[in-house]
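Residue-level listing of the chains:
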Amino acid sequence: MCVGPLWRLCHWGPFVTLFLILYITTLSVYCDLVFWPPTFDSYGSIVNFTILSSWIFFILFNYFNAVFRGPGFVPLGWKPEKDEDCQYLQYCHSCKSYKSPRSHHCRHCKRCVIKMDHHCPWINTCCGHLNHSSFTYFLFFAPLGCMHGAAVLILTVYHQVYKTLHYPRHRYPHLYKPTLVQYDVIHLILTFLAIGFAIGVVIAVGFLFFIQMKVIIKNETGIEAWIKAKAVYRKRDDEFIYPYHLGWRENMRQVFTWSGKPKSDGIIWTVAEGCNQYTLTIEQLKQKEEKRLRAMSLALKSMRMTLSWLLDGKSIGYMENWFLKLTKEVIVRTRRKCVDGFRVVVLFSIMLQIIQKAKAQ
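Residues numbered from 1 in each chain as written. Predicted model: local features only at pLDDT ≥ 70, side-chain atom pairs only at ≥ 80, totals over all residues. Heavy atoms only, no water.

(A) The overall build of the chain, seen in detail. Along its length, the chain carries 10 helices and 6 strands. Long-range contacts, defined as pairs at least 24 residues apart, comprise 68% of the intrachain contacts of the chain with a sequence gap of at least 6. With an accessible surface of roughly 21,400 Å², the chain has 65% of that area assigned to carbon and sulfur atoms. (Helix = DSSP H or I, 4+ residues; strand = E, 2+ residues; numbered from the N terminus. Contact = heavy atoms within 4.5 Å. Areas by Shrake-Rupley, 256 points an atom, 1.4 Å probe, with all protein chains shown as cover.)

(B) Summary view of the packing of aromatic side chains. This model, assessed by the stated rule, comprises 19 aromatic pairs. Here Phe 19 and Phe 197 contribute two aromatic rings whose centre-to-centre distance is 6.4 Å and whose plane-to-plane angle is 75°, an arrangement assigned as edge-to-face. Of this pair, Phe 19 sits in helix 1 (residues 12-35) while Phe 197 is found in helix 4 (residues 185-218), placing the two residues 178 residues apart along the sequence. Classification of Phe 19 by relative accessible area gives partly exposed; the value is 46%. Ring plane angle 45° and centroid distance 5.3 Å describe the contact between Tyr 137 and Phe 256, whose orientation is recorded as tilted. Linking Tyr 137 in helix 3 (residues 132-166) with Phe 256 in the loop between helix 6 (248-255) and helix 7 (279-311), this pair joins segments that are 119 residues apart in sequence. Site record: aromatic cluster; members linked through ring pairs are Trp 55, Phe 57, Phe 58, Phe 61, Phe 140, Phe 141 and Phe 209. For Arg 102, the ring lying beneath its charged end belongs to Tyr 244, and the centroid distance is 4.1 Å. (Phe/Tyr/Trp six-rings, centres within 6.5 Å; stacked < 30°, edge-to-face > 60°. Buried < 20%, exposed > 50% of the residue type's maximum accessible area, 1.4 Å probe, protein only. Lys NZ or Arg CZ within 6 Å of the ring centre and 35° of its normal.)

(C) Structural view of the side chain of Lys 115. Looking at the secondary structure, you find Lys 115 in the loop between strand 4 (111-114) and strand 5 (118-120). Dropping the residues within four chain positions of it, Lys 115 is found in contact with Arg 102, Ser 103, Cys 127, Gly 128, His 129, His 132, Asn 219, Thr 221, Val 255 and Trp 269.

(D) A nonpolar patch on the surface, seen in detail. On the surface, Phe 19, Val 185, Ile 186, Ile 189, Leu 190, Leu 193 and Phe 197 cluster together into a nonpolar patch covering about 640 Å² of accessible area. Tallying contributions element by element places helix 4 first for the nonpolar patch, with 6 residues. Take Leu 190: it is sitting in helix 4. (Patch = residues over 30% accessible without salt bridge, like charges linked within 9 Å, V, L, I, M, F, W, Y side chains within 5 Å. Salt bridge = Lys/Arg side-chain N within 4 Å of Asp/Glu carboxyl O.)

Written out as structure tokens, the structure reads:
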């Protein structure tokens, strides 16, 4: 089963999701056959049964589309056509390629994902560029189907309990006509479980649908929203313009198309006036540089306090000068090879060298 694209289903997320879909659908259809079975005497029953049975098709179609289509990944070894554009992009050492605009590396997928919003355990892959529309459709149809199913389940329970309590079979046998399926205590317990699952899906998945529609209308992923928020409050000389906000109608057209494929190819994006393809990536690089400088400043302060305690305030002036020289050397050598956290660890690792040098004086 876990061969080829089917490996994405070999995870607890898809197992739980498919179980809930099939369980709620099965119980809903079963209860509908008990409460309001489709007959030619009532066209409403036929319409209700047809709609109830159709939800699973729309739900599973978009679910499997989101799973198997995937978010879209930056090709391994990718780099921009113009070499001078590399300075505006981040380099991914895991994928051995540059990150295209709006792409981010996912530690679960182990690839750079195009327009990554988040990694979803329920589909066992990321919600990104190629499967964003299918994922959103799934979030739309799942609560609708569960609301319909929950209504049928609740009405069935109410009807069966009320009928049993007020019109017992031994006193009113004429009210108990033969039905297509039987309904007993076991079915009642299973129905209560299905009601709880259905209501939970409506609340949880409905909330996720609201979040995704907000993302699409603004044309900004959760990661980009975080970058945008930091860009607004960051000290800067010019006003930051988010490059991908094209108006809510056009933003939706970027994702929802008749063909099912998004407008962009995932490398070149339509941007707002006054922006270019690298507006957001340049801003992100500046934020990372400021983060790195803050980390270095904190490391310097921490080490000065540590050295002061170790040496009881002796030779601190000399120590600081020597330490600053080593710090600059480490920053230059590790700038393109290490993340900020590792650079701080490297700085702490040279404390022994500093202490030995100071003692030698």
